[in-house]
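Here are the chains, one letter per residue:
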Amino acid sequence: MSTRYIRKVYGNDLISKPERGKESDSENSPVAAGDDKNFNVFNLLTEDSVSGSNEDEHTATEQNVVPDETKRKKKKKKRKKPGAPKIQDSPKSKLKDSENEDEIEKMVKEVNKLLGEPTPGTSKENPETSEALKKSKESMFTIQHKHLNPFNELKRMFGSKTVQADQSKRRNRDRIHLKRTWLVSPRDRWLPIGKSGLTMSLDTTETRDGIQYFIYEHTSSYQQAQLKFLQAVESMNPENIINVINMHPYHVDGLLQLSDLYKLSEDLPMAAEQVERALYCLECAFHPLFNVTTATCRLNYRRQQNRALFITLFKHFTFLGGRGCYRTSLEFCKLLLSLDPEGDPLAVVLALDFYALRAGEYEWFIEFCSFWDNARNLTQLPNVAYSLALSHYYLGEREIADELLQNALIMFPGVLFPLLNKCSVQTDTQVTKHEFFTMKATSSTSPALEKLQTLYVARSFPLWKDADILPWLEEQVHVVLARADSSDEFVKFCQEKRSKRYRGNLPRNIVRHIILSDIKEVTVQLQEDYNRPMLSHDPLPPTDSIDLYARPRSGERRNQQSSNILSLFFSSLFVDVEGDVVAAALNGFNLFNENGQNDENA
């Protein structure tokens, strides 16, 4: 190692006195002994060429050799002719470079022996810290921005040219530049949001242990619009709601209500667009510290103004799943669940498995269940039990998959026949006549459990239509029948457990999930203690809800007199209005007047 490198690394104090006498000229080096604290040893690797040239000049000075002025001048580089062949490095030059690299490695090792191994810097992650973060429960909800854009998934499925052509059709000539957001790509025809009246603040009273809680706040102008909206809902007239949205284009609850009106008229693209506009407004009001990718931001569902984000995200990933964007839907499921993973006010776990399997995220789903099973008893849900077996099957873990599917069939036998009917599969007489999947399954299944099973079959039956899955299911069904005939203790245990555990009414979060999912095969009856009006933009509020606005009393009396559960649910959707009246109201809905401006600003 040269003395110049030693001086740069350790300072001049490490050089012995005799050596100082021999190299007295080198004491005028620009690197002093006191500068070694701020000097990075590994910068030598990047300054190899510079230090090498400096060494040559230093040697030339010691030998009193003055180079010619002509050699100091830089020669102009000759331009290469186009198409001229590249000059490849000779084997000798490659050998020389490798020798230089070996010398540098030896030098670094010698420096490390004297100074110790370098500590990891800020740019590199500590392996222990990253491993701990990887194993935390909250890390299951971390998301990536690229998976939040459905167009990225559509490009992978249909090609970039097709998606770009579809996007170009949506663009107008008079393009209005809108604020770009992560969750939703705003449409060019949307109005600038301006001051929507929504803001978000940090709730310091609940923030603890690295988890931050936030609150949506309504300004006075937004509160006035909300009161007008509640009056419009109470009037049972869709035109009144449309008038509110014409005056306030980014009123979130009004947009959710308008989306349901479009859904009733079977205009699903416009229904999805209203939900996107509501989500765009909510995201524009995010607090600077509200980061959706960290999975450490929470919202209290008990607060009335916070519930709009939960419901909007739920409806958004439902529309995305209808378009086949299952990976994007899974990402929004994770985001929604991260807002309140312990309470899960909308029971997202009942849909999470479907989108995870459709997106091919088998390993993630297995890891998610292993971390959250103790806290949420996920394996006690029929959808999780069957989906875990499918995940292991797709990963090639056949023995584990066989055991899990047998356990699922034994614990939830009422799933089999509805699933086979949905898949249009006829079974043999041995299965149809056996009492385990018929009489015993019906007698030991409570109405609440039956709703969960029906919900799973109605949503996830396409997963079982695979040509390889059905023979595997048939094989495991016969194994389960053999275990039932042999009086297996596990079969008896599951039957007793099933008859005792799932009694009582469905929890409120599951009822909200069924209402928002709007699956025709699944209907619910509200509990007798619930005598408040059912609103689609805020279905079944918590019993300890912190309300900012009072509920309409006349609507409450009207719903108390009604005994039909469907009229309770669709009271705010105006199902008693004729279809032509709803269509006429929607035709009158226009965010722009003749001048292309908003009515409020005209």
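Parameters at a glance
- Residues numbered from 1 in each chain as written.
- Predicted model: local features only at pLDDT ≥ 70, side-chain atom pairs only at ≥ 80, totals over all residues.
- Heavy atoms only, no water.
- Core = buried A, V, L, I, M, F, W, Y, C linked by side-chain atoms within 4.5 Å.
- Buried < 20%, exposed > 50% of the residue type's maximum accessible area, 1.4 Å probe, protein only.
- Contact = heavy atoms within 4.5 Å.
- Phe/Tyr/Trp six-rings, centres within 6.5 Å; stacked < 30°, edge-to-face > 60°.
- Helix = DSSP H or I, 4+ residues; strand = E, 2+ residues; numbered from the N terminus.
- Lys NZ or Arg CZ within 6 Å of the ring centre and 35° of its normal.
- Salt bridge = Lys/Arg side-chain N within 4 Å of Asp/Glu carboxyl O.

Participant: Can you explain the nonpolar core? Please cite residues and give values.
Facilitator: Judged by nonpolar contacts, the single largest core of 141 residues is most densely connected at Phe290, Leu309, Phe368, Phe437 and Trp464. The contact partners of Phe437, leaving out residues within four places of it in the chain, are Leu409, Pro413, Leu416, Phe417, Val431, Val477, Val480 and Leu481.

Participant: Now, about the packing of aromatic side chains: what can you tell me, with residues and values included?
Facilitator: Within this structure, the stated rule accounts for 20 aromatic pairs. Centre to centre, the rings of Tyr362 and Tyr394 are 5.0 Å apart; their planes meet at 15 degrees, and the pair counts as stacked. Of this pair, Tyr362 sits in helix α17 (residues 362-376) while Tyr394 sits in helix α18 (residues 382-394), placing them 32 residues apart in sequence. Judged by relative accessible area, which is 17%, Tyr362 ranks as buried. Both rings, one in Phe436 and one in Phe437, keep their centres 5.0 Å apart while their planes meet at 85 degrees; by these two values the pair is edge-to-face. A single burial state applies to Phe436 and to Phe437, both of which are buried. Feature note: the residues Tyr362, Tyr386, Tyr393, Tyr394, Tyr456, Trp464 and Trp472 constitute an aromatic cluster, connected by ring pairs. A cation over an aromatic ring shows up here: Arg277 above the ring of Tyr250, its NZ or CZ 5.6 Å from the ring centre. We note Arg307 situated over the ring of Tyr301; from NZ or CZ to the ring centre the distance is 5.7 Å.

Participant: Please set out the pattern of salt bridges residue by residue, giving values where relevant.
Facilitator: Tallied over the entire structure, the rule returns 18 salt bridges. Salt-bridge contacts for Glu273 lead to Arg187; the nearest nitrogen and oxygen are separated by 3.6 Å. Remark: Arg187 occurs in the loop between α9 (160-170) and β1 (198-208) and Glu273 occurs in helix α13 (residues 268-284); sequence separation between them is 86 residues. Note on accessibility: Glu273 and Arg187 belong to one class, buried. When the shortest N-O distance is used, the salt bridge between Arg302 and Asp544 registers 3.1 Å. One end of the pair, Arg302, is in the loop between β3 (297-299) and α14 (307-322); the other, Asp544, is in the loop between α26 (508-517) and α27 (553-561), with 242 residues separating them in the sequence. Here Asp544 falls in the partly exposed class, since its relative accessible area comes to 41%. When salt bridges with common partners are traced through the structure, they connect Arg187, Arg189, Glu273 and Glu276 into a single cluster.

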